[in-house]
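Residue strings, one per chain:
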Amino acid sequence: MGLEEKLPEGILTTQLETLVNWSRENSTWPLLFGLACCAIEMIATGSARHDISRYGSELFRASPRQADLMIVSGRVSNKMAPVIKRLHDQMSEPKWVIAMGICASAGGPFNNYAIVQGVDKIIPVDVYVPGCPPRPESLLYALDRLRAKQGKETFRTYVDFKAPPLSKQPDEISSLESLRRPQLA
Amino acid sequence: MDWLNLIVIPVVRSLVLIFVLLTGFAYLTWYERKLLARFHVRYGPNRAGPKGLLQPVADAVKALFKEEIIPGHVDKVVYLLAPALALAPALLIWAVIPLGKDFPAVADVPIGFLWILAVAGIESYGVILAGWSSNNNYSLLGALRSSAQMISYELPLGLFLISILLLAGDFSLVNLAEAPRQWWEWIWLWIMFPLFFICVLAETNRSPFDLPETENELIAGFQTEYGGIKFALFFMAEYINMITTSAIMATLFFGGYALPFGIGSEILPWLGPFILFGKVVVLLFLFIWVRASIGRPRYDQLMHFSWKTLLPISLAYMVITALLTVFLKA
Ligand code: SF4
């Protein structure tokens, strides 16, 4: 997304890939926001007992421009959905998403008109964490899975990557349906 | 050999200095994160390299390979210029800081003191331009806060500096570091040190005076629209400022590159930079200690403290110093 797009393929790029992936694994800065009860567990993950900073992820950035990871910690209401989508658009590539808790993953106990049934309806999710709420250990395990995924990424995926269309301004959104990502085959 | 002395040697010296400072910045972030972790009874970064020592490398590479976003609504030229403007003064100040006996970092100018004040004055431009060019309410508010705070705290800081000048009677930093002082002068200086340190905290926008970037009110303040390597430049500016001000404080209050009572200055003159380094590390510890222990004040409290408390104190301090200099030194 940055320099790597311009590079030819070969041994050098493979080595560089390893370095870049390693650096991304070890410095994933999450976006500072919480949505519901799960956020409390996310905060606990940052506290002394669980210590997310071991992964170098304790720098929760308030501005989406500086963040790499979006931890959707809680249920996403229909009103919040455009905001989440927008924040996700504002984050610069490469970016990752963890759907924390059953609400963010699939709607959970709130199968009703007000809650988006899983945040993957509006943004792509990398790791799903089950639980209501997941314990901080689960979130750390999710971070481990994410690190494994980051370690396997190649520059190729970014060259072929087509950015999804940017979301609309809040007043242009006619219905939630218009925000939906096209269904995956 | 004039051109050698005039151009080549200063350039080489500056390059070495910049390299050392940038490495210092990288490991200052590690130092801070590890220390904060210790203060919170945590481990701190320990996945990247032994004891997390490669953490700064990971952060730097990640920032380099992040997508470069230039939002559509910004003033492009100023937006790109601002991070550089914030970083350059922090590096420039180092030119006059003495690293050893007859060994200034780049040059020993007789008005080194004024140089520091002048360059420190430029510093706020980077922040203000960043806030203005981002075309974002949060950025602008953060920048305004920052400039108001800097101006308010520059006054007492300047008055304290004048007092130091009165005591030493010289503008050159090398002479300031070496100035022979009587015992009452040291004590008088150290009484002022905590107040001076508070001003410095506010000048460098460090916690607890990091109001320009309070997350709960202003997102990330003037840096809100900056990401990737441009944000890293602001980060760098802040941390190098910390190093610079620590070095200045070490020079003004703790004898700079010299050991107390002149121990070893004759036998081991090359020890100077290392002693200065040690003092800087201790002062940086102080910065981080304060950050880990004290919460932010409200913005009006911050302003009141500067104008109603620090300013009168610094004025009184200056007058008393002048009297002391006249009656005890002359
Ligand atoms: S998964 Fe449970 S804890 Fe998390 S937001 Fe939903 S209801 Fe709250």
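Our subject is the structure that appears above.
These figures come from a predicted structure and were not determined experimentally. Every chain is numbered on its own, with residues counted from 1 as its sequence reads. Naming scheme: in the order in which they are written, chains are lettered from A and ligands are numbered from 1. Reporting of local features is limited, given that this is a predicted model, to residues whose pLDDT is at least 70; pairs of side-chain atoms are given and counted only at 80 or more, and all residues count toward the totals for whole chains, interfaces and linings. In computing side-chain values, all of the structure's heavy atoms are included and hydrogens and water are not.

*Asks:* Pulling in residues and values, what's your account of the overall build of chain B?
*Replies:* Counting from the N terminus, the helices are the DSSP runs of H or I reaching at least four residues and the strands are the DSSP runs of E reaching at least two. A tally of helices and strands in chain B yields 11 helices and two strands. Mapped in sequence order, the helices and strands of chain B form the string α-α-α-β-β-α-α-α-α-α-α-α-α. Taking 20 Å as the expected radius of gyration for a compact globule of 330 residues, we find that chain B reaches 20 Å, a close match to that expectation. Based on the C-alpha atoms only, the size of chain B along its principal axes is roughly 60 × 50 × 45 Å. Values of the radius of gyration come from C-alpha atoms, whereas the globule rule sets the reference at 2.2 Å times the count of residues to the power 0.38.

*Asks:* Describe the overall build of chain A, with residues and values.
*Replies:* Scanning chain A from N- to C-terminus turns up six helices and three strands. Its helices and strands taken in sequence order, chain A reads α-α-β-α-β-α-β-α-α from the N to the C terminus. We call two residues contacting when some pair of their heavy atoms lies within 4.5 Å. Counted over contacts in chain A with a minimum sequence separation of 6, partners at least 24 positions apart contribute 80%. Accessible surface is estimated by sampling points in the Shrake-Rupley manner with a 1.4 Å probe; for residues, cover comes only from the protein chains shown. Of the roughly 9000 Å² of accessible surface on chain A, 59% is carried by carbon and sulfur atoms.

*Asks:* Describe in detail the interface of chain A and chain B, supporting the description with residues and values.
*Replies:* Taken together, the 38 residues of chain A in the interface contact 32 residues of chain B. Within this document, salt bridges are pairs made up of a side-chain nitrogen of Lys or Arg and a carboxyl oxygen of Asp or Glu, the two lying within 4 Å of each other. For A:Arg65, the salt bridge goes to B:Glu225, with nearest N and O atoms at 2.9 Å. Throughout this description, a polar contact denotes any pair of N or O atoms lying within 3.5 Å of each other; where both atoms belong to protein, one of them has to be capable of donating a hydrogen while the other can accept it, and for residues adjacent in sequence the pair is counted only when both atoms sit in side chains. Between the two partners, chain A and chain B, sit 22 residue pairs in polar contact (both at pLDDT 80 or more). The element that contributes the greatest number of residues to the side of chain A that touches chain B is helix H1 (residues 11-26) of chain A, accounting for seven residues. When grouped by side-chain class, the residues that make up the side of chain A that touches chain B number 15 nonpolar, 13 polar and 10 charged. Under the convention adopted here, Pro, Cys and the residues Ala, Val, Leu, Ile, Met, Phe, Trp and Tyr are nonpolar, Asp, Glu, Lys and Arg are charged, and Gly plus all remaining residues are polar.

*Asks:* Give a detailed account of the nonpolar core, specifying residues and quantitative values.
*Replies:* In these notes, a set of buried Ala, Val, Leu, Ile, Met, Phe, Trp, Tyr and Cys residues joined through side-chain atoms within 4.5 Å is what counts as a nonpolar core. Relative accessibility under 20% of the residue-type maximum defines a buried residue, over 50% an exposed one, and the middle range a partly exposed one, all with a 1.4 Å probe and only protein chains included. By size, the foremost hydrophobic cluster in this structure holds 77 residues, and its most contacted members are B:Phe196, B:Met249, B:Leu252 and B:Phe253. A total of 15 residues in this core trace back to one element, the largest contributor, which is helix H9 (residues 228-253) of chain B. Here B:Leu252 is in contact with B:Phe113, B:Leu161, B:Ile164, B:Leu173, B:Leu176, B:Arg181, B:Leu189 and B:Phe196, once residues within four sequence places are set aside. The next biggest cluster of nonpolar side chains, apart from the first, holds 18 residues, and it includes A:Val72, A:Ala99, A:Val119 and A:Ile122.

*Asks:* An account of the pairing of strand S2 (residues 96-100) of chain A is requested, with residue identities and associated values reported.
*Replies:* Residue and element names in this part refer to chain A. A large share of S2 lies buried, amounting to five of its five residues. With burial as the criterion, each face of S2 is covered, one bearing Trp96, Ile98 and Met100 and the other bearing Val97 and Ala99. When strand S1 (residues 69-73) meets S2, the two strands line up parallel, connected through five bridges. When the sheet's bridge partners are listed, Val72 is paired in S2 with Ala99. For the handedness criterion, the strands are oriented away from the viewer, and a crossover whose path from the first strand over the helix to the second runs clockwise is classed as right-handed. With helix H3 (residues 81-90) bridging S1 and the parallel S2, this β-α-β connection has right-handed handedness. The pairing of S2 with strand S3 (residues 127-129) spans three bridges and is classified as parallel. Note that in S3 the partner of Ala99 across the bridge is Tyr128. Regarding the hand of the β-α-β motif, the stretch spanning S2, helix H4 (residues 101-106) and S3 is right-handed. In this analysis, strands are considered paired if DSSP registers two or more bridges between them.

*Asks:* Quick one: what's the story with the sheet that holds S1(A), residue by residue and with numbers?
*Replies:* Whenever strands of a sheet pair, they do so through backbone hydrogen bonds, lying parallel or antiparallel. Residue and element names in this part refer to chain A. Ordered by their spatial adjacency, three strands build an open sheet running S1-S2-S3, and the pairing between neighbours is parallel. Bordering the open sheet on either side are S1 and S3, each of which pairs with just one other strand. When strand polarity is set aside, the average angle formed by the axes of neighbouring strands in this sheet is 15°. Axes here refer to lines fitted to C-alpha atoms; in helices the fit is confined to the stretch in contact. Angles between the N-to-C directions go from 0 to 180 degrees. Contacting S1, S2 and S3, helix H5 (residues 136-151) crosses the sheet at an angle of about 155° to S2.

*Asks:* Residues and numbers for the side chain of A:His50, please.
*Replies:* Structurally, A:His50 can be placed in the loop between helix H2 (37-46) and S1. Taking relative accessible area as the criterion, A:His50 reaches 10% and is therefore assigned buried.

*Asks:* Could you give an account of the site of the ligand, naming the residues involved and the relevant values?
*Replies:* Residue and element names in this part refer to chain A. Being near a molecule or strand, for a residue, comes down to having at least one heavy atom within 4 Å of it. Around the ligand, the surrounding shell consists of Ala36, Cys37, Cys38, Gly74, Arg75, Gly101, Ile102, Cys103, Phe110, Gly131, Cys132 and Pro133. If you list the elements that add at least two residues to the shell around the ligand, you get H2 and H4. Considering every element that reaches the shell around the ligand, the biggest residue donor is H4, with three residues. Considered class by class, the residues forming the shell around the ligand number eight nonpolar, three polar and one charged.

*Asks:* Break down the packing of aromatic side chains for me, with residues and values.
*Replies:* All names here are of chain B. The pairing test for Phe, Tyr and Trp rings, Trp by its six-membered ring, is centres within 6.5 Å, and the orientation test on the planes gives stacked under 30 degrees, edge-to-face over 60, and tilted for anything in between. Enumeration over the complete set of coordinates arrives at 22 aromatic pairs over all chains. Among the aromatic residues, those joined into a cluster by ring pairs are Trp186, Trp190, Phe193, Phe196, Phe197, Phe253, Phe254 and Phe287. Two limits define a charge over a ring: the Lys NZ or Arg CZ must be within 6 Å of the ring centre, and within 35 degrees of the ring normal. One cation-aromatic arrangement involves Arg145 over Tyr299; the distance from NZ or CZ to the ring centre is 4.9 Å.

*Asks:* Provide a residue-level description of the packing of helix H5 (residues 137-168) of chain B against helix H7 (residues 183-203) of chain B, including the pertinent values.
*Replies:* All names here are of chain B. Where H5 contacts H7, the two axes come as close as 9 Å, and the packing angle between them is 160°. Accordingly, the angle class assigned to the pair H5 and H7 is roughly antiparallel. Relative to H7, the crossing made by H5 is left-handed. Residue-level contacts link Gln149, Met150, Tyr153, Glu154, Pro156, Leu157, Phe160, Leu161, Ile164 and Leu167 of H5 to Trp184, Glu185, Trp188, Leu189, Met192, Leu195, Phe196, Cys199, Val200, Ala202 and Glu203 of H7. Of the residues contributing to the contact of H5 with H7, the split by class is 17 nonpolar, one polar and three charged. Angular relationships are summarised with four words: roughly parallel below 35 degrees, roughly antiparallel beyond 145, roughly perpendicular across 65 to 115, and oblique for the angles in between. Here a crossing is taken to be left-handed if its near helix is turned anticlockwise relative to the far helix by less than a right angle, and right-handed if that turn runs clockwise.

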